[in-house]
Amino acid sequence: MRLDKVPASELELFKKRTPKSGKIFEEVSQMVPFGVNSNYRYADPYPIYMKRAKGSRIWDADGNEYIDFNMAFGALGIGHSHPKLIEAIKEKIEEGTIFGFEFEEMLDLAKIIRDRYKVDMMKFQSTGLEATFHALRIARAFTGRKKILKFEGCYHGSHDFLLVSVKPSKYKAGHPVTPNQVPGSQGVLEDVVKHTLVAQFNNLESVEKIMRQHGNDVAAIILEPIPMNMGFVIPKPGFLEGLRSICDEYNCLLIFDEIKTGGKFYSGAAGYFKVKPDLMTLGKAIAGGFPLSVVAGKKEVMQTIVPGVVSHAGTFNANPVAIRAGLVTLRDILTEEALSYASRLGEELAKGYLDIIKDEGIEATVQYIGVSGSMVFAKEEVVDWRSFQKVDVGKWWLFMITMMNRGVIPNYGPDEQ
Ligand SMILES: Cc1ncc(COP(=O)(O)O)c(C=O)c1O
């Protein structure tokens, strides 16, 4: 159904160019459901299987070369296999891959993160999911309250507490200002979902309404400060500041999930918009493609984690290879100068998209800041999940298949950047 708008000729061309991927898919999907290990990697008619990548290029199993704009769903701000990173990792692997103890270089990385993102204390994990999961536990332990408020359309990883109203149909979700809490997957317990309240992004009235009813039970408000799982949604002026004030009024925590934004703005969206959360999460691009995530924030909040009292644990947490990768990426590659240069290029690219849209009379908008942005096939700007519903998703699949047939991987999903 997703391929309704793709002409048969483009589908034929796609299959002709990628027979090996088709064959791998056929075989692997007998053992790995849908042939992928993250549902977001599945695409009709079948996912492409990659072989190698370097810089801005990636090659599939059939040897086709693509310019890769997806960059591992935002996990690669520095391109594939950056030479400085590869050199440093080769050295590290010779010295051991995991110790089961802490690793001295963690101190160097912690100092960089402290200074760059203006946080007092932090803990390292591997994935974004773990970081947001721990952020919620810390918030609940710190405040002694149960409920969390999130925003419709925001994604914070595939765990039950936040897999709520991620991409709900409007029929299940009800009124946009006071949306229902819709489980994002079968298997997510209703008992868990009832503690995850949902508000409309970019609408302080929606947040105030829900807080008036539940505010004293809310441990934290969590959000992607720029939602990047429904395109690229820019917070309206005053929205983030308004959330800060509401959290202060109700004495609950404000959590910025910067798993994506943290690697796209030098000091994260918190630095860019100059709004200070109590906790933030970082992940994806901060370690140049190695699994590393961070939950960080104010000292009094982070100190809630106490062995035997509030749990924070993981065999692979602060893995030495990932720590070395984070250190080299943030210190030597993703520097302020490099990011501002890349931002200028990003903005040029966005303007190019806008010119083509105008010249060709295409119904689309481009929303962007700096290195990142998204083109959506819609008449009006996307400001929340409800306006994303007006995006012509079928047209995006047509765009993706035709671009891939011509050697370009755009944002890999209509809701991606
Ligand atoms: C904003 C945000 N938070 C959290 C996550 C989860 O990160 P991970 O896939 O590393 O678990 C994602 C993943 O896309 C994300 O975009």
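Residues numbered from 1 in each chain as written. Predicted model: local features only at pLDDT ≥ 70, side-chain atom pairs only at ≥ 80, totals over all residues. Heavy atoms only, no water.

Looking at the pattern of salt bridges
Inclusion rule: In the sections that follow, a salt bridge refers to a side-chain nitrogen of Lys or Arg positioned within 4 Å of a carboxyl oxygen of Asp or Glu. A run of H or I in DSSP becomes a helix once it reaches four residues, and a run of E becomes a strand once it reaches two; helices and strands are each numbered from the N terminus. For every residue, the accessible area (1.4 Å probe, protein chains only) is compared with the maximum for its type, and the residue is labelled buried under 20%, exposed over 50%, or partly exposed between those bounds.
Within this structure, the stated rule accounts for 16 salt bridges. Between K260 and E416 there is a salt bridge whose closest N-O contact spans 3.0 Å. Of the two residues, K260 is situated in the loop between β8 (253-258) and α11 (268-273) and E416 in the segment after β13 (408-409); the sequence distance between them amounts to 156 residues. The exposure class of K260 is buried, given its relative accessible area of 7%. Overall, the relative accessible area of 7% leaves E416 in the buried class.

A short note on helix α10 (residues 239-250)
Definition in use: An expected span of 1.5 Å times one less than the residue number is assigned to each helix. Here a residue-residue contact requires only that any non-hydrogen atoms of the pair lie within 4.5 Å.
Its 12 residues place the ends of α10 17 Å apart at the C-alpha level, agreeing with the 16 Å of an ideal helix rising 1.5 Å per residue. Taken together, the buried positions of α10 are F239, L240, G242, L243, R244, I246, C247 and Y250. Buried residues belonging to α10 abut β5 (147-151), α9 (204-214), β7 (218-223), β8 and α11. Phi turns positive one or two residues past the end of α10, at N251, with a value near 55°.

Comments concerning the sheet that holds strand β1 (residues 50-54)
The condition that has to hold: The criterion for strand pairing is that DSSP finds at least two bridges linking the strands in question.
In space, the four strands of this open sheet follow the order β1-β2-β3-β13, with mixed pairing throughout. Of all strands in the sheet, those with a lone pairing partner are β1 and β13, marking the two edges. Bridge count between β1 and strand β2 (residues 57-60): four bridges; the pairing is antiparallel. When the sheet's bridge partners are listed, K54 is paired in β2 with R57.

Observations concerning the packing of aromatic side chains
The line we're drawing: Only Phe, Tyr and Trp rings take part, Trp by its six-membered ring, and two of them pair if their centres are within 6.5 Å. Stacked means planes under 30 degrees apart, edge-to-face means over 60, and tilted covers everything else. Put simply, a charge is over a ring when the Lys NZ or the Arg CZ is close to the ring centre, within 6 Å, and near the line of the ring normal, within 35 degrees.
Scanning all chains against the criterion turns up 16 aromatic pairs. Between F151 and F201, the aromatic rings sit 5.7 Å apart at their centres with planes inclined by 80°, giving edge-to-face as the arrangement. You can see F151 sitting in strand β5 and its partner F201 sitting in the loop between β6 (196-199) and α9, a full 50 residues away along the chain. With respect to burial, F151 and F201 carry one shared label: buried. Measuring from centroid to centroid gives 5.7 Å for F151 and F239, while their planes differ by 75°, and the two rings are edge-to-face. Here the residue F151 occupies a position in strand β5, and F239 occupies one in helix α10, the gap between them amounting to 88 residues. Judged by its relative accessible area of 0%, F151 falls in the buried class. By relative accessible area, which is 3% here, F239 ends up buried. In this arrangement the basic side chain of R52 is found over the ring face of W59, its NZ or CZ atom lying 4.1 Å from the centre. Seen from the ring of F161, R140 lies directly overhead, with NZ or CZ sitting 4.7 Å from the centre.

Let's talk about the domain arrangement of the protein chain
Stated precisely, the cut-off is as follows: Residue ranges labeled as domains rest on an automatic or database domain assignment. Buried area counts how much accessible surface, traced with a 1.4 Å probe, disappears from two parts once they are put together, with both parts' losses summed. Distance and chemistry together define a polar contact, namely a pair of N or O atoms within 3.5 Å, with one atom able to donate a hydrogen and the other to accept it when in protein, and with adjacent residues in sequence counting only for side-chain atoms on both sides.
Under the domain assignment, the protein chain is made up of domain 1 (8-81 + 335-409) and domain 2 (83-333). Contacts between the two partners involve 27 residues from domain 1 and, on the opposite side, 42 residues from domain 2. Here domain 1 meets domain 2 over a buried area of about 2800 Å², counting both sides, of which 64% is carbon and sulfur. Among the residues domain 1 hides against domain 2, the three largest losses belong to I369, W385 and R386. Together they make up 26% of the total. Scanning the region where domain 1 abuts domain 2 turns up one salt bridge. Residue E152 pairs with R386 through a salt bridge whose shortest N-O separation is 2.7 Å. Along the contact surface separating domain 1 from domain 2 lie 10 residue pairs in polar contact (both at pLDDT 80 or more).

A look at the confidence of the model for the protein chain
Under the convention used in this document: Confidence scores here are pLDDT values: one per residue, from the predictor, ranging 0 to 100.
Looking at the protein chain, the pLDDT average stands at 97 and 100% of residues meet or exceed 70. Across the protein chain, element-level confidence peaks in β7 with a mean pLDDT of 99 and bottoms out in helix α16 (residues 393-405) with 94.

Regarding the environment of M403
Relative to the elements of secondary structure, M403 occurs in helix α16. Considering only alpha carbons, one finds M403 and I67, 336 residues apart in sequence, at a separation of 9.9 Å.

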